[in-house]
Amino acid sequence: MRFLVACVGLYLCITSAVADPIALRGRLEQGGIVVGSVAPGTSVTIDGRAVSVSNTGRFVFGLDRDAKTSATLAMRTSDGVETTQVVSVGPRDWLIERVDGLPQNTVTPNPETVKRIRAEGGMIVAARNRTEPVPFFETGFLQPAQGRISGVFGSQRILNGRPRSPHSGLDIAAPTGTPVLATADGVVSLVHDGMILTGKTVMIDHGFGLDSVYIHMSEIAVAQGQRIRQGEQIGAIGMTGRTNGPHLHFGISWYGAKLDPQTVMSALPAGQDIPQ
Ligand SMILES: [Zn+2]
């Protein structure tokens, strides 16, 4: 805390308490993740959205691929002192990626399939909207499978010649059956045996709005609701759903904002404590 003295004319001076800026760790950029600490009991918002704060004062937020170049962090302590901090968000450049040879019915699906894709997308959104009030993410994040990076986050995609949504995760290509591990501690929030686009699908809730998703798998080794430890096997690489070869698509999101898994793993690596 420091004090700001403002004087009006010759006589009237007002002294007010001004909180020091909060130290933030992580990556303040599109697709990035940021952790910070405040006094326990402080409430925090980022651009008006409430951010979960642990009982030790830890908080985390993510920045979407298309986040604006600045964001407003607002805090209110338990005794009512309010401060706001405007933070700059670094812009990123994205690749253009062409993917051919996908099953055509997954790129231009018929109306019946469109209905199923929507319903399945709704299940993923519902799983993202529930979150545990436990900061499981404090384990940090590890790469869930070993293999060749065959697709990066954020690329503008052209699938079978048609422009489609940007790539929302990281693709790791490896033979079918290669183990897939939980990136961090959490609770399994969704298991599906065969979605049209994502095939065999697992989601893990890491608490405080953070989720990871693992898709196109050949097998699933966990059940919905299961408490999972970082590094436990949750399935195996496969080529189920909309894919032209065996790979894991690995995604991380914060309340639905898509984050870059490579940024998250380098900003909060597994095995390193996040200092308060
Ligand atoms: Zn992918």
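The rules behind each value
Residues numbered from 1 in each chain as written. Predicted model: local features only at pLDDT ≥ 70, side-chain atom pairs only at ≥ 80, totals over all residues. Pairing = 2+ DSSP bridges. Helix = DSSP H or I, 4+ residues; strand = E, 2+ residues; numbered from the N terminus. Axes fitted to C-alpha atoms, helices over the stretch in contact; angles between N-to-C directions. Domains from an automatic or database assignment. Contact = placed C-beta atoms within 7 Å.

### Section: the sheet that holds strand β10 (residues 96-99)
Argument step 1. Read across the sheet, three strands follow the order β10-β12-β13 without closing on themselves; strand pairing throughout is mixed. Both outer strands of the open sheet, β10 and β13 (162-164), are each paired with one neighbouring strand and no more. Strand-to-strand twist across the sheet, computed as the mean angle between neighbouring axes with direction ignored, equals 30°.
Argument step 2. By the bridge criterion, three bridges tie strand β12 (residues 156-159) to β13 in an arrangement that is antiparallel. Paired with Arg157 across the two strands is Arg164, which belongs to β13.

### A closer look at the environment of Gln104
Argument step 1. By the secondary structure assignment, Gln104 is in helix α1 (residues 104-107).
Argument step 2. When the C-alpha atoms of Gln104 and Val114 are compared, they prove to be 13 Å apart, with 10 residues separating the residues in sequence.

### Remarks on the domain arrangement of the protein
Argument step 1. By the assigned domains, the protein splits into domain 1 (2-88) and domain 2 (96-267).
Argument step 2. Taking only C-alpha atoms into account, the centre of domain 1 sits 32 Å from that of domain 2.
Argument step 3. Residue-level contacts link 14 residues of domain 1 with 17 residues of domain 2.
Argument step 4. The dominant element in the side of domain 1 that touches domain 2, judged by the number of residues it contributes, is strand β7 (residues 58-62), at four residues.

### Remarks on the sheet that holds strand β8 (residues 70-76)
Argument step 1. The four strands are arranged β6-β5-β8-β9 in an open sheet whose pairing can be described as antiparallel. This sheet does not close on itself; its edge strands, each paired only once, are β6 (49-51) and β9 (82-88). For this sheet, the mean angle separating the axes of adjacent strands, direction not counted, is 25°.
Argument step 2. Relative to β6, strand β5 (residues 43-46) runs antiparallel, the two being bridged by three bridges. Across the sheet, residue Val44 finds its bridge partner in β6, namely Val51.

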